[in-house]
Amino acid sequence: MVKAVFLDRDGVINLDKAYVHRWDDFEFLPGAVEAMRQLHLAGYILIVVTNQAGIARGYYTERQFEILTEAMIEHLAAAGVVITAVYHCPHHPAGTVPLLSVACDCRKPAPGMLLAAAREHGVDLEQSILVGDKASDLEAARAAGVGTAYLVQSDPACLASAEGLSDGAFKGLADCARHILTRSRAINFSQTQEVLR
Ligand SMILES: [Mg+2]
Ligand SMILES: [Zn+2]
């Protein structure tokens, strides 16, 4: 079993410009790439879980999403970041593409993507962490049994809507990763002390 950091995409990894679907519009948030590199080096596998209702709404296609995802993965790989998997939900109940305009079990706050990722990659959900920028991300984590869920957000209204759902709030992934790494070093240290005693 492995430990994962589940990352929402828009608003966590890249600037949320609403329905980003072209590499030219994809803008990494400050410190996000280095934060992911540090989490990877600390032994977490990185799994992206992203709602892509723009596909159901007909704003862009599955293929366009795949092309953007490949560009993101390649850019990150060049920076020393290994993304183990990217899960996306292309659905929305009020979409315009008939086959995708359904109430599914993968659109967050539903836990479908997290449960599939855990099954397919042998993830220990209790030992894992989710980082999201919306209440729905944190609700999905809770529903899936992810041990820890953090919010990265500085908008007061968003912070208020996620009240009581997160184990901590940070202004960005860089600060959040720093917290995760400090915490895991503290846990490892106390386990070492336990063994030595
Ligand atoms: Mg988001
Ligand atoms: Zn879905």
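The structure under discussion appears in the preceding block.
Below you will find a few notes about this structure. Residue numbers run consecutively from 1 along every chain, following the written order of its sequence. As a convention, the first chain written is A and the first ligand written is 1, with the rest following in written order. It should be noted that, the model being predicted, local features are given only for residues of pLDDT at least 70 and side-chain atom pairs only at 80 or more, the latter also being counted only at that level, while totals for whole chains, interfaces and linings use all residues.

1. Quick word on the overall build of the protein chain
- Tallying secondary structure elements over the protein chain gives seven helices and six strands in all.
- Under the DSSP-based scheme used, a helix requires at least four consecutive residues in state H or I and a strand at least two consecutive residues in state E, with every element numbered from the N terminus. Counted from the first residue to the last, the protein chain has its helices and strands arranged as β-α-β-α-α-β-α-β-α-β-α-β-α.
- When we talk radius of gyration, it's over C-alpha atoms, and the globule rule is simply 2.2 Å times the number of residues to the 0.38. For 197 residues, the compact-globule estimate of 2.2 N^0.38 gives 16 Å, and the C-alpha radius of gyration of the protein chain, at 17 Å, lies within 12% of that figure.
- Overall, the C-alpha framework of the protein chain stretches about 65 × 35 × 35 Å when taken along its three principal axes.
- By residue count, 35% of the 197 residues in the protein chain fall in the buried class.
- Our contact criterion uses C-beta atoms placed from the backbone: two residues qualify when those atoms are within 7 Å. Across the protein chain, every contact between residues at least 6 apart in sequence was considered, and the portion connecting residues at least 24 apart equals 62%. Any residue whose C-beta has 12 or fewer other C-beta atoms within 10 Å is treated as exposed, any with 20 or more as buried, and any in between as partly exposed, C-beta atoms being built from the backbone.

2. A closer look at the pairing of strand β4 (residues 129-132)
- What you see with β4 is no split at all: Ile129 and Val131 on one side and Leu130 and Gly132 on the other are buried throughout.
- Sheet topology note: the strand β1 (residues 4-7)/β4 ladder contains three bridges and is parallel. Counted as the bridge partner of Phe6 is Leu130 from β4.
- In this sheet, strand β5 (residues 148-152) lies alongside β4 in parallel orientation, the contact comprising four bridges. Paired with Gly132 across the strands is Leu151, a residue of β5.
- Handedness rule for crossovers: strands pointing away from the viewer, path from the first strand over the helix to the second running clockwise, crossover right-handed. Taken together, β4, helix α5 (residues 135-144) and β5 form a β-α-β motif whose crossover is right-handed. Any two strands between which DSSP finds at least two bridges are classified as paired.

3. Describing unusual backbone geometry
- Residue Pro109 follows Lys108 across a cis peptide bond; omega there is 20°.
- Within the secondary structure, Pro109 sits in the loop between β3 (83-89) and α4 (112-121).
- At Ala18, a residue that is not glycine, the phi angle is positive and equals roughly 70°.
- Assignment of secondary structure puts Ala18 in the loop between β1 and α1 (32-41).
- Since 7 C-beta atoms lie within 10 Å of it, Ala18 is described here as exposed.
- Backbone geometry at Tyr19 places phi at a positive 55°, although glycine is not the residue there.

4. Quick word on the environment of Asp137
- With respect to the helices, strands and loops of the structure, Asp137 is situated in helix α5.
- Linking Asp137 and Tyr59, residues 78 residues apart in sequence, is a C-alpha distance of 22 Å.

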